[in-house]
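Read off the chains here:
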Amino acid sequence: LKVCLSCGTRFEANGWRCPSCGHEPEQRGTHFYFAPELAEASTGYDSACFGQIAQLEAGNFWFRARNRLIVWALQRYFRGARNLLEIGCGTGYVLSGIASAAPGLRLSGSEVDRVGLEYAASRVPRAHLMQMDARRLPFAAEFDVIGAFDVLEHIDDDAAVLREMFSALVPGGGILVTVPQHPALWSEYDVRAHHVRRYRKDELRDKVTAAGFHVARTSSFVSLLLPLLFGSRLRQKAGTADYDPLAELRLPRWLNAALETVLDVERWLIRGGVSLPAGGSLLLVACKPQ
Ligand SMILES: [Zn+2]
């Protein structure tokens, strides 16, 4: 179902015009803008960064390994899913990974930032993309799966996002979430990335449960690399004016390949049922009760 963000009416229709109050979201090109006031001035991300990120992520071990983990979790926990919405899809790298792994899945993506949305549109032409505020989703009981991959940490009111995700899911549907973990790892990297927080596992679990979900699985990842990550972030804490937030993405090819192998090992462990207790990131799978 669609939800009118102006009057709250739930309706089923091909278009977005509300049958009750006549409200219609703004359309720019092929995309609907549900929160146009946020499209240019998003504080969660630097628009200028999208271009660089789009170039770097396809080759970077962390983005590549995270994609494989997400695709595994999707196939393991939501095998029967017919459609998926990704909130905060950025440049569309995750959606493109899901698109090739699950050709039968109907894909939607939302992004608050206009520039990100355009990158995503060129990267995943078959996805249905919309500009919106994750705290106000114009859907109810619509999706089988909703993903938010390193998105919640950008948003003050993460509880509102989780409630909206809950409401936009069909009963029996579920969420896939990744977030940066361990407040002790907070560094200049998080500041520059416009993070509001890094999560403790219990904090994420509690917020997800409070929104109505049953948590099916959590696991840390980037666990075996944790000492390395901690060292790297500590060095940054020393503080330099010329700090480059994308430096972690630019690695020598041999190192990038080695790190990717380590994350492959972690994924095998997670797939085998091991829930890694600590790690730079946290994966959570949760379901909306039938
Ligand atoms: Zn309305």
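Just above, that's the structure.
Residues numbered from 1 in each chain as written. Predicted model: local features only at pLDDT ≥ 70, side-chain atom pairs only at ≥ 80, totals over all residues. Heavy atoms only, no water.

A.B. asks: How would you summarise the coordination of the zinc ion if you had to cite specific residues and measurements?
C.D. replies: Within the first shell, the zinc ion binds the protein through C4 (SG), C7 (SG), C18 (SG) and C21 (SG), at distances of 2.3 Å. Metal-centred angles of 106 to 115 degrees between the four donor atoms at the zinc ion mark the site as tetrahedral. Each donor residue of the zinc ion belongs to the same chain, and together they define the spacing C-x2-C-x10-C-x2-C. Given a relative accessible area of 41%, C21 falls into the partly exposed group. (Donors = N, O, S within 2.8 Å, 3.2 Å for Na, K, Ca; no water. Tetrahedral: all angles 85-135°; square planar, octahedral: opposite > 155°, others 65-115°. Buried < 20%, exposed > 50% of the residue type's maximum accessible area, 1.4 Å probe, protein only.)

A.B. asks: Hey, could you go over the sheet that holds strand 6 (residues 106–111) for me, with residue numbers and the actual values?
C.D. replies: Across the sheet, which stays open at both edges, the nine strands sit in the order 3-4-7-6-5-8-9-11-10 with mixed pairing between neighbours. A single partner strand is all that each edge strand has here, and the edge strands are strand 3 (26–28) and strand 10 (214–221). Each neighbouring strand pair of the sheet contributes to a mean axis angle of 20 degrees, computed without reference to strand direction. In terms of strand pairing, strand 6 meets strand 7 (residues 128–131) through four bridges, oriented parallel. Paired with E111 across the bridge in strand 7 is Q131. (Pairing = 2+ DSSP bridges. Helix = DSSP H or I, 4+ residues; strand = E, 2+ residues; numbered from the N terminus. Axes fitted to C-alpha atoms, helices over the stretch in contact; angles between N-to-C directions.)

A.B. asks: Please set out helix 9 (residues 253–271) residue by residue, giving values where relevant.
C.D. replies: Its 19 residues give helix 9 an end-to-end C-alpha distance of 27 Å, which sits within 8% of 27 Å, the value for a rise of 1.5 Å per residue. Of all the residues in helix 9, the buried ones are N256, L259, E260, L263, D264, E266, R267 and I270. When helix 9 is viewed along its axis, its buried side chains cluster within an angular range of 165 degrees and face the same direction. Positive backbone phi, approximately 105 degrees, marks G273, located one or two places after helix 9. (Expected span 1.5 Å × (residues − 1). Arc of directions from axis to C-beta.)

A.B. asks: Residues and numbers for the packing of helix 2 (residues 61–77) against helix 9, please.
C.D. replies: Where helix 2 meets helix 9, the closest approach of the two axes is 9 Å, and the angle between their N-to-C directions is 20 degrees. Relative to helix 9, helix 2 is oriented roughly parallel. The handedness of the crossing between helix 2 and helix 9 comes out as right-handed. Contacts between helix 2 and helix 9 pair F61, W62, R64, A65, R68, L69 and W72 from the former with N256, L259, E260, L263, D264, R267, I270 and R271 from the latter. (Parallel < 35°, antiparallel > 145°, perpendicular 65-115°, else oblique. Left-handed = near helix turned anticlockwise from the far one by under 90°. Contact = heavy atoms within 4.5 Å.)

A.B. asks: Help me get a handle on the environment of R163, residues and values and all.
C.D. replies: The residue R163 is located in helix 5 (residues 158–168) in this model. Judged by its relative accessible area of 48%, R163 falls in the partly exposed class. Along the sequence, R163 and R114 sit 49 residues apart, while their C-alpha atoms lie 24 Å from each other.

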